[in-house]
Amino acid sequence: MADLASRITKPDETPAATPAEKPAGGADGESNAEAQAGGGNGSGGLIESTFDVEIKLSELQADTASPLYSVSSFEELGLPKAINDGLLAMNFKKPSKVQEKALPLMLSNPPTNMIAQSQSGTGKTAAFVLTVLSRVDLTKPKQPQALLLAPSRELARQIQGVILTIGQFCENLIVEAAIPGSISRETGVQASIVVGTPGTVIDLIRRRQFDISQLKVLVIDEADNMLDQQGLGEQCVRVKGLLPKTIQILLFSATFPDKVMQYAERYAPNANQMKLRHTELTVKGISQMYMDCPDESKKYDILCQLYGLMTIGSSVIFVKTRESATEIQRRMEADGHKVSALHGAFEGANRDALLDDFRCGRSKVLITTNVLARGIDVSSVSMVINYDIPMKGFGDREPDAETYLHRIGRTGRFGRVGVSISFVHDRKSFNALSEIANFYGIDLIQLSPDDWDRTEKQVQDVIKSSRAKAEFAPLAIQV
Ligand SMILES: Nc1ncnc2c1ncn2[C@@H]1O[C@H](COP(=O)(O)OP(=O)(O)OP(=O)(O)O)[C@@H](O)[C@H]1O
């Protein structure tokens with residue numbers, strides 16, 4: 001195992017891709033090395049190259065109003081040395097507020113459940129990953145002890161990458177992804193930590209390829225989405241019903257609508273709770289703008305006019321359907337623009353390659369659907385475009401405020417700045433966006449397609465500044 005000094009990366013270096021051991025015993029889950037390469041959070045993505053970014057972050061982390069602020073250090077959180085070494089290698093200097101507040105509660109014994117909410121991009125993943133790494137017994141590397149569930153394969157792989165990167169100095173750590181096609185029928189699950197999507201996990205348990213008898217911790221990321229009865233809620237209930245009754249349950253999300261919160265409290269009984277009011281949820285580092293398009297047909301032309309700004313950093317364009325993602329990509333490429341498209345109709349390995357290309361900067365503009373609205377962490381994303389305003393309910397009759405927040409949260413990560421531009425083109429889309437803005441208490445900046453020089457300057461001024469001066473609301477702790 002290479003010594004610590006040779007594996008720490010400086011802010012202006014790309015982390016050395018460490019030759020992580022293949023999982024012992026030939027387990028066919030995605031190997032540690034593959035996962036680290038495709039993971040998020042400093043394990044292969046674009047690295048901030050400027051020293052002033054580090055200075056800005058330290059200012060933010062000294063600002064008591066910021067959710068990146070904390071009084072303690074990771075060392076004071078009592079984490080094992082190997083884990084602290086991993087955090088050092090990731091250049092995590094101090095815990096964020098959700099990490100500082102949640103970790104002592106999640107690591108206390110006897111274990112208690114947690115329902116934690118914190119703004120997008122404020123470090124929820126590391127909070128639950130540190131808990132899982134602290135609880136597993138690595139002398140039993142192939143005995144599953146922790147299960148983490150996510151709504152998409154992309155997010156499951158990203159979380160796997162974070163665990164392997166933070167745990168890079170933890171001996172015998174084996175982490176497997178339980179996503180379609182990742183676990184061979186011959187070997188089954190042979191890892192202490194499993195990260196997967198609910199459907200695949202249920203299949204593995206049903207085929208007796210996943211020993212759940214020793215599971216100590218169940219984490220559900222994007223928990224409001226996962227527990228929503230319209231979506232994956234029924235599968236998450238089935239998973240929980242199969243697990244040991246004493247399991248510790250940790251639910252995390254940036255959003256917890258009231259109707260789901262009641263359900264979450266039943267799913268994770270007697271949980272400690274960290275909640276935010278919905279007017280405290282938006283990230284001040286994201287300049288939220290809207291483009292008043294003359295009509296639906298003009299949206300495409302305006303999108304192409306924005307292309308030059310999209311490639312200053314990298315950008316995500318969210319559209320309503322797979323079909324429109326494919327059609328817009330086709331048109332933009334025919335017009336000479338380089339755009340990747342990713343959605344659920346693509347085969348798994350292709351989706352993985354497309355996101356890895358985007359994460360590493362080989363592609364800079366990604367057009368996608370809500371499959372990537374949540375959790376995906378690519379620090380180079382400086383712009384998110386809502387080509388369609390997210391809607392929900394029968395006949396798309398009401399605005400989807402939660403999906404709006406998660407979509408724009410793909411930029412402005414951990415104190416960085418970013419721009420979101422939402423397209424409206426008629427009364428319905430305008431009213432939907434207005435309702436979302438009122439719900440979160442935000443004043444959207446209007447961009448005019450008629451005054452392009454001004455629009456370009458407004459957007460460039462934000463993207464080219466470094467970390468935002470983020471005034472975040474204090475986190476309300478209920479224990
Ligand atoms: N203590 C820390 N110091 C520095 N960087 C951190 C710290 N904690 C997390 N990060 C980085 O901040 C970024 C956002 O973290 P993460 O993806 O966990 O956010 P999140 O709260 O889960 O967001 P979302 O709600 O969108 O899922 C990641 O790139 C991560 O590596």
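Residues numbered from 1 in each chain as written. Predicted model: local features only at pLDDT ≥ 70, side-chain atom pairs only at ≥ 80, totals over all residues. Heavy atoms only, no water.

- The name given to the protein in an unreviewed UniProt entry is RNA helicase, and the organism recorded there is Cercophora scortea.
- Entered under Sequence similarities (unreviewed entry) in the UniProt record, the comment concerning the protein runs "Belongs to the DEAD box helicase family."
- The protein has a UniProt comment under Catalytic activity (unreviewed entry) that states "ATP + H2O = ADP + phosphate + H(+)". (UniProt positions renumbered as here; feature names shortened; annotations may be inferred.)

Notes on the UniProt feature "short sequence motif: Q motif" (unreviewed entry) in the protein
Thought 1: The positions UniProt marks with the feature "short sequence motif: Q motif" (unreviewed entry) are residues 72–100.
Thought 2: In this annotation, residues 72–100 is assigned 45% helix and 0% strand; the end-to-end C-alpha distance for the span is 7 Å. (Helix = DSSP H or I, 4+ residues; strand = E, 2+ residues; numbered from the N terminus.)

Focus on the UniProt feature "domain: Helicase ATP-binding" (unreviewed entry) in the protein
Thought 1: If you check UniProt for "domain: Helicase ATP-binding" (unreviewed entry), the listed places come out as residues 105–274 in our numbering.
Thought 2: Annotated as residues 105–274, this span is 37% helix and 17% strand, and its ends, taken at the C-alpha atoms, are 11 Å apart.

Focus: the packing of helix α7 (residues 198–206) against helix α9 (residues 233–242)
Thought 1: Their axes nearest at 9 Å, the elements α7 and α9 cross at an angle of 35°. At the point where α7 passes α9, the crossing takes the left-handed sense. Of the residues in α9, those touching α7 at Pro-198, Gly-199, Val-201, Ile-202, Ile-205 and Arg-206 are Gln-235, Cys-236, Arg-238, Val-239 and Leu-242.
Thought 2: Residues of the contact of α7 with α9, tallied by class, amount to seven nonpolar, two polar and two charged. (Axes fitted to C-alpha atoms, helices over the stretch in contact; angles between N-to-C directions. Left-handed = near helix turned anticlockwise from the far one by under 90°. Contact = heavy atoms within 4.5 Å. Nonpolar A, V, L, I, M, F, W, Y, C, P; charged D, E, K, R; others polar.)

A closer look at empty space enclosed by the protein
Thought 1: Summed over all chains, the structure comprises one cavity of 30 Å³ or more.
Thought 2: Each pocket or cavity is described by its volume, and for the largest cavity that value is around 70 Å³.
Thought 3: If you go around the largest cavity, the residues you meet are Val-316, Phe-318, Leu-355, Phe-358, Leu-366, Leu-372, Ile-376, Asp-377, Val-378, Val-381 and Arg-410.
Thought 4: Those elements that provide at least two residues to the lining of the largest cavity are β9 (314–318) and α14 (348–359).
Thought 5: Its residues placed into classes, the lining of the largest cavity shows nine nonpolar, no polar and two charged. (1 Å grid on protein atoms, 1.4 Å probe; cavity = no way out; pocket = protein on both sides within 12 Å on 5 of 7 lines; lining within 4 Å. Points joined across faces, edges and corners; volume = space filled by probe spheres on them.)

Observations regarding a negative patch on the surface
Thought 1: Together, Asp-450, Asp-451, Asp-453 and Glu-456 make up a negatively charged patch on the protein surface.
Thought 2: Position of Asp-450 relative to the elements: it lies in the loop between β16 (445–447) and α17 (452–463).
Thought 3: The class for Asp-450 is exposed, based on a relative accessible area of 73%. (Patch = residues over 30% accessible without salt bridge, like charges linked within 9 Å, V, L, I, M, F, W, Y side chains within 5 Å. Areas by Shrake-Rupley, 256 points an atom, 1.4 Å probe, with all protein chains shown as cover. Salt bridge = Lys/Arg side-chain N within 4 Å of Asp/Glu carboxyl O. Lys, Arg positive; Asp, Glu negative; His and termini not counted. Charge placed at Lys NZ, Arg CZ, Asp CG, Glu CD. Buried < 20%, exposed > 50% of the residue type's maximum accessible area, 1.4 Å probe, protein only.)

Focus on the sheet that holds strand β8 (residues 286–292)
Thought 1: The seven strands are arranged β10-β11-β9-β12-β15-β8-β16 in an open sheet whose pairing can be described as parallel. The open sheet is flanked by β10 (340–342) and β16, the only strands paired with a single partner. Across the sheet, the mean angle from the axis of one strand to that of its neighbour is 25°, orientation sign disregarded.
Thought 2: Here β8 runs beside β16; their pairing, made up of three bridges, is parallel. Of the residues in β16, the one forming a bridge with Tyr-290 is Gln-446.
Thought 3: Together, β9, β10, β11 (365–368) and β12 (381–386) form the strand contacts of α14, whose direction differs from that of β10 by roughly 135°. (Pairing = 2+ DSSP bridges.)

Quick look at unusual backbone geometry
Excluding glycine, most residues fall at negative phi; most peptide bonds, likewise, are trans.
Thought 1: Cis rather than trans, the peptide bond between Asn-109 and Pro-110 has omega equal to 0°.
Thought 2: Note that Pro-110 resides in the loop between α4 (97–107) and β1 (114–117).
Thought 3: Not every positive phi belongs to a glycine, and Asn-172 is a case in point at roughly 65°.
Thought 4: The residue Asn-172 is located in the loop between α6 (153–166) and β3 (175–178) in this model.
Thought 5: A positive phi is found at Phe-414, a non-glycine position, where the angle reads about 45°.
Thought 6: For Phe-414, the location among the structural elements is in the loop between α15 (401–408) and β15 (418–424).
Thought 7: Look at Phe-414 and you get buried, because its relative accessible area is 19%.

Quick notes on the pattern of salt bridges
Thought 1: With the rule as written, the count across this model stands at 20 salt bridges.
Thought 2: A salt bridge links Lys-140 to Asp-137; the shortest N-O distance between them is 3.7 Å.
Thought 3: Two residues, Asp-228 and Lys-259, come together in a salt bridge whose shortest N-O distance is 3.8 Å. A residue pair is termed long-range when its members are at least 10 positions apart, and Asp-228 in the loop between α8 (223–227) and α9 and Lys-259 in helix α10 (residues 258–267) qualify at 31 residues.
Thought 4: Look at the salt bridges and you will find they share partners, linking Arg-153, Arg-157, Asp-352 and Asp-356 into a network.

Comments concerning the nonpolar core
Thought 1: Residues Leu-148, Ile-159, Ile-163, Ile-166, Leu-173 and Ile-193 are the most contacted members of the largest nonpolar core, which totals 56 residues.
Thought 2: Mapped onto the domain boundaries, this core takes at least three residues apiece from domain 1 (4–31 + 281–463) and domain 2 (52–275).
Thought 3: Grouped together as the second largest cluster of nonpolar side chains are 33 residues, Leu-149, Leu-204, Leu-218 and Leu-251 included. (Core = buried A, V, L, I, M, F, W, Y, C linked by side-chain atoms within 4.5 Å. Domains from an automatic or database assignment.)

Section: the side chain of Gln-273
Thought 1: On the secondary structure map, Gln-273 appears in strand β7 (residues 272–275).
Thought 2: Engagement of the side chain of Gln-273 in a polar contact is seen with the side chain of Glu-265, the distance being 2.8 Å. (Polar contact = N/O pair within 3.5 Å; in protein donor to acceptor, adjacent residues only side chain to side chain.)

Brief notes about the packing of aromatic side chains
Thought 1: All told, the structure shown has four aromatic pairs when counted by the stated rule.
Thought 2: The interplanar angle of 65° and the centroid separation of 5.3 Å between the aromatic rings of Phe-128 and Phe-252 together place this pair among those described as edge-to-face. One end of the pair, Phe-128, is in helix α5 (residues 124–135); the other, Phe-252, is in strand β6 (residues 248–253), and 124 residues separate them in sequence. Here Phe-128 and Phe-252 have matching classes, each one buried.
Thought 3: A cation sits over an aromatic face here: Lys-240 above Tyr-267, 5.0 Å from the ring centre.
Thought 4: Over the ring of Tyr-387 we find Lys-299; its NZ or CZ atom is 4.7 Å from the centre of that ring. (Phe/Tyr/Trp six-rings, centres within 6.5 Å; stacked < 30°, edge-to-face > 60°. Lys NZ or Arg CZ within 6 Å of the ring centre and 35° of its normal.)

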